[in-house]
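This is what each chain is made of:
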Amino acid sequence: MGMVGGGQGAFIGEVHRLAAALDGKIDLVCGAFSRDMENTKATGALLNIDDNRLYASFDEMMTAEAAMPAEERMEFVAIVTPNHMHFPVAAAALKAGFAVLCDKPATLTLAEAEELEVIIDETHGLFGLTHTYLGYPMVSQARDMVAKGEIGAVRKVYVEYHQGWLAGEQDNKQAAWRTNPKTSGISGCMGDIGTHAHNLAEYITDSLVVELASELTAFVAGRQLDDDGAALLRFDNGSTGVLSASQVCVGEENGLSIRVYGDKGGMQWRQQEPNSLRVTRIDAPEQLYRAGTDHLTDAASRRCRTPAGHPEGYLEAFANLYIDFAAAIKAGEKKKATGVPGIKEGVRGMAFIEAIVDSSNNNSRWTKI
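The following refers to the structure shown.

About the thresholds
Residues numbered from 1 in each chain as written. Predicted model: local features only at pLDDT ≥ 70, side-chain atom pairs only at ≥ 80, totals over all residues. Heavy atoms only, no water. Helix = DSSP H or I, 4+ residues; strand = E, 2+ residues; numbered from the N terminus. Buried < 20%, exposed > 50% of the residue type's maximum accessible area, 1.4 Å probe, protein only. Contact = heavy atoms within 4.5 Å. Phe/Tyr/Trp six-rings, centres within 6.5 Å; stacked < 30°, edge-to-face > 60°. Lys NZ or Arg CZ within 6 Å of the ring centre and 35° of its normal. 1 Å grid on protein atoms, 1.4 Å probe; cavity = no way out; pocket = protein on both sides within 12 Å on 5 of 7 lines; lining within 4 Å. Points joined across faces, edges and corners; volume = space filled by probe spheres on them. Nonpolar A, V, L, I, M, F, W, Y, C, P; charged D, E, K, R; others polar.

## Some remarks on the side chain of Asn-39
Part 1 of the argument: Along the chain, Asn-39 falls in helix 2 (residues 37–46).
Part 2 of the argument: Given the relative accessible area of 15%, Asn-39 is considered buried.
Part 3 of the argument: With residues near it in sequence (within four places) discarded, Asn-39 still touches Gly-7, Gln-8 and Ser-34.

## With respect to unusual backbone geometry
Part 1 of the argument: The amide bond that connects Lys-104 to the next residue, Pro-105, takes the cis arrangement and shows omega of -5°.
Part 2 of the argument: With respect to the helices and strands, the residue Pro-105 is situated in the loop between strand 4 (99–103) and helix 5 (110–123).
Part 3 of the argument: For Asn-48, which is not glycine, the phi dihedral falls at a positive 60°.
Part 4 of the argument: Structurally, Asn-48 can be placed in the loop between helix 2 and helix 3 (58–66).
Part 5 of the argument: Of note, the phi angle at Asp-206 is positive, near 50°, even though the residue is not glycine.
Part 6 of the argument: Along the chain, Asp-206 turns up in the loop between helix 9 (189–205) and strand 7 (209–217).

## Quick word on the packing of aromatic side chains
Part 1 of the argument: Applying the stated rule across the entire model yields 9 aromatic pairs.
Part 2 of the argument: Relative to Phe-325, the ring of Phe-76 lies with its centre 5.4 Å away and its plane at 70°, an arrangement referred to as edge-to-face. Pair noted here: Phe-76 is in strand 3 (residues 76–79) and Phe-325 is in helix 11 (residues 314–331), with a separation of 249 residues, a long-range link. Side by side, Phe-76 and Phe-325 carry an identical accessibility label, which is buried.
Part 3 of the argument: Plain terms: the ring middles of Phe-318 and Tyr-322 are 6.5 Å apart, the flat faces sit at 35° to each other, and that makes the pair tilted. Within this pair, Phe-318 and its partner Tyr-322 are both found in helix 11, separated by 4 residues, close to a single helical turn.
Part 4 of the argument: Across the ring face of Tyr-203, the terminal group of Arg-143 is positioned such that the distance to the ring centre comes to 4.4 Å.
Part 5 of the argument: Over the ring of Trp-366 we find Arg-234; its NZ or CZ atom is 3.6 Å from the centre of that ring.

## A closer look at the layout of surface pockets
Part 1 of the argument: In this structure, the largest pocket encloses a volume near 1100 Å³.
Part 2 of the argument: When contributions to the lining of the largest pocket are tallied by element, the ones reaching two or more residues are helix 4 (86–95), helix 7 (173–178), helix 8 (181–184), helix 9 and helix 11.
Part 3 of the argument: Of the residues belonging to the lining of the largest pocket, the class tally is 20 nonpolar, 21 polar and 6 charged.
Part 4 of the argument: Roughly 320 Å³ of volume is contained in the second largest pocket.
Part 5 of the argument: What lines the second largest pocket is a set of 20 residues, and nearest its centre among them are Leu-134, Arg-143, Asn-199, Tyr-203 and Glu-345.
Part 6 of the argument: A total of 5 residues in the lining of the second largest pocket trace back to one element, the largest contributor, which is helix 9.
Part 7 of the argument: A class-by-class count of the residues in the lining of the second largest pocket yields 5 nonpolar, 7 polar and 8 charged.

## Observations regarding the environment of Thr-280
Part 1 of the argument: One can find Thr-280 in strand 12 (residues 276–281).
Part 2 of the argument: Residue classification places Thr-280 among the partly exposed positions, given a relative accessible area of 30%.
Part 3 of the argument: Setting aside residues no more than four positions away along its own chain, Thr-280 makes contact with Lys-264, Gly-265, Gly-266 and Glu-286.

## Thoughts on empty space enclosed by the protein
Part 1 of the argument: In this structure the tally under the stated criterion is 2 cavities of 30 Å³ or more.
Part 2 of the argument: A volume near 60 Å³ is recorded for the largest cavity.
Part 3 of the argument: What lines the largest cavity is Pro-137, Asn-275, Ala-291, Gly-292, Cys-304, Thr-306, Pro-307, Ala-308, Gly-309, His-310 and Glu-312.
Part 4 of the argument: Of the residues assigned to the lining of the largest cavity, the class counts are 5 nonpolar, 5 polar and 1 charged.
Part 5 of the argument: Roughly 40 Å³ of volume is contained in the second largest cavity.
Part 6 of the argument: Pro-105, Thr-107, Leu-108, Ser-184, Gly-185, Ile-186, Ser-187, Gly-191, Met-350 and Ile-353 together form the lining of the second largest cavity.
Part 7 of the argument: Here the lining of the second largest cavity is composed, by residue class, of 5 nonpolar, 5 polar and no charged.

See the structure below:
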């Protein structure tokens, strides 16, 4: 693989690199890690990448890599830049014949996501989106159990994602681009982590949010984008839900959690305790499903690397998406990799952001997605 973004001083690029390397099946061979070539060179030196495959821009990288013999060139590019660069890099890579694995959200705007979908259709290029939390084994377990009707018809969904790291003013690179409309888009907190909550709810229930009513707030003085918000949800299967996302909840670390209730039972999963799925049934005691044990679905078991009781977490979930994407490339899959969110989910995410901002700007009016 090649990488755009993720130079020294970045956070998510190193996470991507660790995840990609975990199973020993993906090699990072080139990169345009920063707009600052000195940063790119320094990053490349740390990663033992040949100087000749360190590029000053993503355009230069696409052109040079495409001109290489097939057995030498990169096969896909990982995009780990701020949001405003996702579309131009992805579009250039797809048109040059490379598969794309992009950090979320897919693009800066809904219009860009829709245009990217057209490009994917035209090029038949493979595109994946790293909604990391779908890589956890017990998230697959939850989805499979809902699909099998083990909690009955879904009635209610509660999903939340709470952090505290932006509770006050932050003077660092990560905060700067996430709170700037030019690099983050029209939403801050909801674009950054609310999209994860929305994606998780739709994935586990295998249903779509069709309408929402929201309220967004920027609590920190002078902040241009929301740092907190909530929404009421209506799903296409008749269920309803509540979504809450905040980056100003002091003391919270990475509090993504979901509860799903049907007419026969319910379930609960928490990202900070990812190996456990709690299931309740209307006529039985609570059951605890654990990663690595027997009685899991095939999809969940496939995503476990270690025996029960050996914690697997964020990097392993990320790596599950990478390994599925690599398998799709080897198998010659087109447009979407099995097991990895694709452009459909990317467009859904951008439509969610647009609807939630529109609703909040219009006195929490019910707004269709």
